[in-house]
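# Per-entry structural report
Below, each chain spelled out in residue letters.
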Amino acid sequence: MSPGIRTASILVASGRAMSTELISQALQLQDDFRVVARATSGKDALEAIRTKGVNFVLVTTALSDGPVGGLLLLQKIQEAFPCVKSVLLFEHSEEHLIEAAFRAGAKGVLSLSDAGVDMLRKCVEKVHAGEVWANSAQLVEVLHALSQHAPLRVLNADGARLLTKREEDVVGLVEEGLTNRQIASELRLSEHTIRNNLFRIFDKLGVSTRVELALYAVNRSRPAVPPPDLTSREEEAEGLVENS
């Protein structure tokens, strides 16, 4: 874990007690992780966050509260404990709920069917450090589902626009999943110019990857988000500036 980042104090929440135990054991082997609480219900999880110093939550889709109890918990965490980072752990049959997870406040999603112990640890480390965790296919799916919104306008405290029109255009194309080469072709600019634009955008918005930029744009430019549609349908690669 990067210097200056405090230890991840983790709550593991799953409807299956055996799952919480296995996940906890895998994480306890990492020096920078401490599993401080386990829970099988949303109520117990919220109480643990309040009393155990939790700053990171790993939650499965299903809790003892019901098959989407984990998503409901994510919403409550976002509302009551916005500084607590969370990751949804899901099965293949639950992939259609990835969009709802990000809407509910998750900073990452991870398939239990595909991820090994090393991938789980890396996911926790990256999200705890402030990054977003999703693979390319998951990100494209989320952005496609959330892309029906007004153009991005980022303002500072005085109401002035932080991004130029060209930078807003670049962000919009990143949000659509285009590579640097494709963005350059679309805007009739060089890839070098697009790369420089992205560095300036990253600096202005305080993000460090394309994944974070795209999700930042979705969250800032769409209207107020309604509660996620938990019945709607719908590894972990970080999108960097050099994605071309």
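Reading the values: rules and limits
- Residues numbered from 1 in each chain as written.
- Predicted model: local features only at pLDDT ≥ 70, side-chain atom pairs only at ≥ 80, totals over all residues.
- Heavy atoms only, no water.
- Core = buried A, V, L, I, M, F, W, Y, C linked by side-chain atoms within 4.5 Å.
- Buried < 20%, exposed > 50% of the residue type's maximum accessible area, 1.4 Å probe, protein only.
- Contact = heavy atoms within 4.5 Å.
- Pairing = 2+ DSSP bridges.
- Helix = DSSP H or I, 4+ residues; strand = E, 2+ residues; numbered from the N terminus.
- Axes fitted to C-alpha atoms, helices over the stretch in contact; angles between N-to-C directions.

Once that is clear, we can look at the nonpolar core. Ranked by size, the top nonpolar core spans 54 residues in total, and within it Leu 11 and Leu 213 carry the most contacts. Sequence-distant contacts of Leu 11, defined by excluding residues within four places in its chain, comprise Ala 37, Arg 38, Ala 39, Ala 45, Ala 48, Ile 49, Val 54, Phe 56, Val 57 and Leu 58. Among the nonpolar cores identified, the runner-up in size contains 18 residues, and Ala 8, Val 12, Ala 26 and Val 35 belong to it.

Moving on: the sheet that holds strand β5 (residues 108-111). Hydrogen bonds between backbone atoms are what pair the strands of a sheet, whose relative direction is either parallel or antiparallel. Taken in spatial order, the five strands make up an open sheet running β2-β1-β3-β4-β5, and their pairing is parallel. In this open sheet, the two strands that pair with only one neighbour each are β2 (33-39) and β5. Shown here is a sheet whose adjacent strand axes are inclined to one another by a mean of 25 degrees, direction ignored. Note that strand β3 (residues 56-60) and strand β4 (residues 85-90) share five bridges and pair parallel. By the bridge assignment, Thr 60 is partnered in β4 with Leu 89. Against the sheet, helix α3 (residues 69-80) contacts β1 (8-13), β3 and β4, and its axis sits at roughly 155 degrees relative to β3.

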